[in-house]
Amino acid sequence: MIPPAGAGYYSLWDLITGNKREAPPVAPYAPFALIPTSAFDIDFRYLEKPDHEKDFFDPLKRIHLGDDWLLSFGGQFWYRFMDETDSRLNAAGVDNIYHLYRTRFHADLWYQDRFRLFAEFIDARTSGQSLAPLPTDQNHTDMLNLFADIKLGQFLNGPAYMRVGRQELLYGSQRLISTLDWANTRRTFQGIKTFWRTPTFDLDAFFVRPMITEKNQFDNWDHDRNFFGLWGTYRPMKGQLLDLYILSLIDNRTVTTANLLQGNVLQGDSVLQTVGGRIIGDYNRFLYELEGMYQFGQRSNQDISAFAVATGAGYHLPFPMNPQFWLRYDFASGDSNPNDGRSNTFNQLFPFGHYYLGYLDQVGRQNIHDFNAQFTLHPQPWFTFIAQYHRFYLANKRDFLYNAAGVGTLHDITGQSGSHVGDEIDFRVNIHVDRHQDILVGYSKLFTGNFIQNQRPGIHPDFFYTQYTFRF
């Protein structure tokens, strides 16, 4: 989504106080309630300019301790109200009305550009649920990030660093690696990463393990999963970008006999390689994106051959209210026969599927066709409206319907239930109150197709939510 530009009121507070700006303000945060960007990547260097716009929380940022040390503090709080009908496709049709609360606080210490220590606390809680809370709903008093950066040197017009410890990862489109900001807890890893930055090219190499969220204990890394990869990003000019990557996941978790018999084998016992690339750009108001991902390796004694494709074409209309329209097609392969010695179901790894495949999170990037459209509008620069439509089909009728967590939820090995999963509509409105506050309101509904109706008759899930976010 291309943000608005030009003269206008860029927050509700600007409108109330009559502060009409000639251009968007320099601000560290995106003007939206959901911010996938990690706190350690929020850039406050503009505070070093004498003419910067003053803010109440400025004294907490870039505190100079002598000539060589810098110390910063920051944090975030959010509250979300959720009202779900036919929640999680449950056969009983149970509705779920509940509340989510999340608090984050961080401290960031630098020594020149040579050493950095970053620590971020998180506390995520829920109340009022009629169903058992999801693993991503709760994490009481834990560390989200805790790492040290060491500068390795300057190479070919750019610095290189090594990062050791607990850290969030976010790459490219977030289809494969994301912080998953929609969840009440955020996804994090533990391990080592090296990264090199230049004006036109970035290169990262990492070896990490995902963290296991444990509500009442200090989180530990998953000893059964090793995740490593190489990711490069090239920016030849403004508005054009190319990602190339190779990712490896060694998953030693045990797949149960029951899941093996069903063909639900994606949650363990695999050595998986993913290679892919993505090109995205903006040319004379035409917007485009193409990402292709291929997987190979071994899974439960089967040879892996799977792929996914994400395509999109859009246009940024030269009209008032900054309208933009996208048409997209997303595909991820499925498996027709769990007993033929080949596994063809794509594994979505660690994605932010919520944005791409419907906000209800009933569909993941596995065994799916998704024909979708998106329309965005800014009636005012501080008011964002987003609408999406999705039409979902199983890529293979004999494979599972996988949800946003990558878990197989519904299955008909005979293929007699059909392939039409359903049609989803999603609406979101974001009100940017001021630099520190946003209000998000949304509604989503899935009009279930023959596949879900044959598996869960009478189920038509929808949900309404509203969220308040404050950050500093």
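Just above sits the structure.
Residues numbered from 1 in each chain as written. Predicted model: local features only at pLDDT ≥ 70, side-chain atom pairs only at ≥ 80, totals over all residues. Heavy atoms only, no water.

**Q** What's the story with the overall build of the protein chain in this structure? I'm lost.
**A** Helix and strand counts for the protein chain stand at four helices and 23 strands. In summary, the protein chain has a C-alpha radius of gyration of 23 Å against a globular reference of 23 Å for 472 residues, a match within 12%. With respect to the three principal axes, the spread of C-alpha positions in the protein chain is 70 × 50 × 45 Å. When burial is assessed residue by residue, the protein chain has 52% of its 472 residues classed as buried. (Helix = DSSP H or I, 4+ residues; strand = E, 2+ residues; numbered from the N terminus. Rg over C-alpha atoms; globule rule 2.2 N^0.38 Å. Buried < 20%, exposed > 50% of the residue type's maximum accessible area, 1.4 Å probe, protein only.)

**Q** Teacher, can you tell me more about the packing of aromatic side chains here?
**A** Applying the stated rule across the entire model yields 35 aromatic pairs. Pairing Phe 227 with Phe 350 gives two aromatic rings, centres 4.9 Å apart and planes at 55°, and the pair type is tilted. Here Phe 350 lies in the loop between strand E16 (342-343) and helix H3 (353-356) and Phe 227 lies in strand E10 (residues 225-234), a separation of 123 residues in the sequence. Phe 350 shares its class with Phe 227; the two are buried. Here the aromatic rings of Phe 371 and Tyr 393 are separated by 6.5 Å at their centres, their planes lie at 80°, and the arrangement is edge-to-face. With Phe 371 in strand E17 (residues 368-380) and Tyr 393 in strand E18 (residues 383-394), this residue pair connects regions lying 22 residues apart in the sequence. Under the relative-accessibility criterion, Tyr 393 is labelled partly exposed at 23%. One aromatic cluster is present, built from ring pairs that chain together Tyr 171, Phe 189, Phe 206, Phe 227, Trp 231, Tyr 245 and Phe 350. Positioned above the aromatic ring of Trp 326 is the side chain of Arg 328, whose terminal nitrogen or guanidinium carbon lies 4.3 Å from the ring centre. (Phe/Tyr/Trp six-rings, centres within 6.5 Å; stacked < 30°, edge-to-face > 60°. Lys NZ or Arg CZ within 6 Å of the ring centre and 35° of its normal.)

**Q** Would you explain the pairing of strand E11 (residues 240-251) in this entry?
**A** Note on strand geometry: in a regular strand, side chains alternate between the two faces of the sheet. Pairing of E10 with E11 involves 10 bridges; the strand directions are antiparallel. Looking at the pairing, Gly 229 lines up with Leu 247 of E11. Joining the antiparallel neighbours E10 and E11 is a turn of five residues, in which Gly 239 adopts a positive phi near 85°. Here 12 bridges tie E11 to strand E12 (residues 270-283), and the two strands are oriented antiparallel to one another. Each bridged residue has a counterpart across the sheet, and for Leu 242 the counterpart in E12 is Ile 279. (Pairing = 2+ DSSP bridges.)

**Q** How should I be thinking about empty space enclosed by the protein in this particular structure?
**A** In this approach the atoms are scanned with a rolling probe the size of a water molecule, which exposes any empty space left behind. Under the definition given, this model contains four cavities of 30 Å³ or more. The volume enclosed by the largest cavity comes to roughly 90 Å³. Lining the largest cavity are 15 residues, and of these Gly 263, Asp 335, Pro 338, Thr 345 and Asp 399 lie nearest its centre. Counted by class, the lining of the largest cavity contains six nonpolar, six polar and three charged residues. Lining the second largest cavity we find Pro 28, Tyr 29, Phe 44, Tyr 46, Leu 47, Asp 55, Phe 57, Asp 58, Lys 61, Arg 435, His 436 and Phe 472. (1 Å grid on protein atoms, 1.4 Å probe; cavity = no way out; pocket = protein on both sides within 12 Å on 5 of 7 lines; lining within 4 Å. Points joined across faces, edges and corners; volume = space filled by probe spheres on them. Nonpolar A, V, L, I, M, F, W, Y, C, P; charged D, E, K, R; others polar.)

**Q** Explanation requested: unusual backbone geometry in the structure shown.
**A** Glycine aside, a negative phi is what most residues show, and trans is what most peptide bonds show. Although it is not a glycine, Arg 285 adopts a positive phi angle of roughly 75°. In this structure, Asn 322 is a non-glycine residue whose phi angle is positive, near 55°. Here Asn 322 is to be found in the loop between strand E14 (302-316) and strand E15 (324-332). Overall, Asn 322 belongs to the buried group, its relative accessible area being 12%.

**Q** Help me understand the pattern of salt bridges, please; the structure alone is not making it clear to me.
**A** Between side chains of opposite charge, pairing is possible as soon as their charged atoms come close. As enumerated under the stated definition, the model contains 27 salt bridges in all. Measuring nitrogen to oxygen at the nearest pair gives 2.6 Å for the salt bridge that ties Arg 391 to Asp 423. Within this pair, whereas Arg 391 is found in strand E18, its partner Asp 423 is found in strand E21 (residues 420-434), the two being separated by 32 residues in sequence. Members of the salt-bridge network, linked through shared partners, are Arg 175, Asp 243, Arg 278, Glu 289, Glu 291 and Arg 328. (Salt bridge = Lys/Arg side-chain N within 4 Å of Asp/Glu carboxyl O.)

**Q** For this particular structure, what's the right way to read the side chain of Thr 198?
**A** Looking at the element boundaries, Thr 198 is found in the loop between strand E7 (189-197) and strand E8 (201-212). Looking at Thr 198, its side chain comes within polar contact range of the main-chain oxygen of Phe 201, at 2.8 Å. The residues touching Thr 198, leaving out its near neighbours within four places in the chain, are Leu 156, Asn 157, Gly 158 and Arg 235. (Polar contact = N/O pair within 3.5 Å; in protein donor to acceptor, adjacent residues only side chain to side chain. Contact = heavy atoms within 4.5 Å.)

**Q** Before we go on, may I ask you to explain a nonpolar patch on the surface in this structure?
**A** A contiguous nonpolar surface patch, about 750 Å² in accessible area, is contributed by Leu 65, Trp 69, Phe 115, Leu 117, Ile 150, Leu 152, Phe 155 and Leu 156. Those elements that place two or more of their residues in the nonpolar patch are strand E4 (115-127) and strand E5 (139-155). Positionally, Leu 117 belongs in strand E4. (Patch = residues over 30% accessible without salt bridge, like charges linked within 9 Å, V, L, I, M, F, W, Y side chains within 5 Å. Areas by Shrake-Rupley, 256 points an atom, 1.4 Å probe, with all protein chains shown as cover.)

**Q** Mind showing me how you'd approach the pairing of strand E2 (residues 69-85) here?
**A** Where strand E1 (residues 63-65) lies against E2, three bridges are found, and the strand directions are antiparallel. Paired with Leu 65 across the two strands is Trp 69, which belongs to E2. Counting the residues that bridge the hairpin from E1 to E2 gives three residues, and of these Gly 66 lies at a positive phi of roughly 75°. With 16 bridges connecting them, E2 and strand E3 (residues 96-111) associate as antiparallel partners. From the neighbouring strand, Phe 77 faces E3, where its bridge partner is Thr 103. Bridge count between E2 and strand E23 (residues 462-471): 10 bridges; the pairing is antiparallel. Opposite Phe 81, over in E23, you have Thr 466 as the bridge partner.

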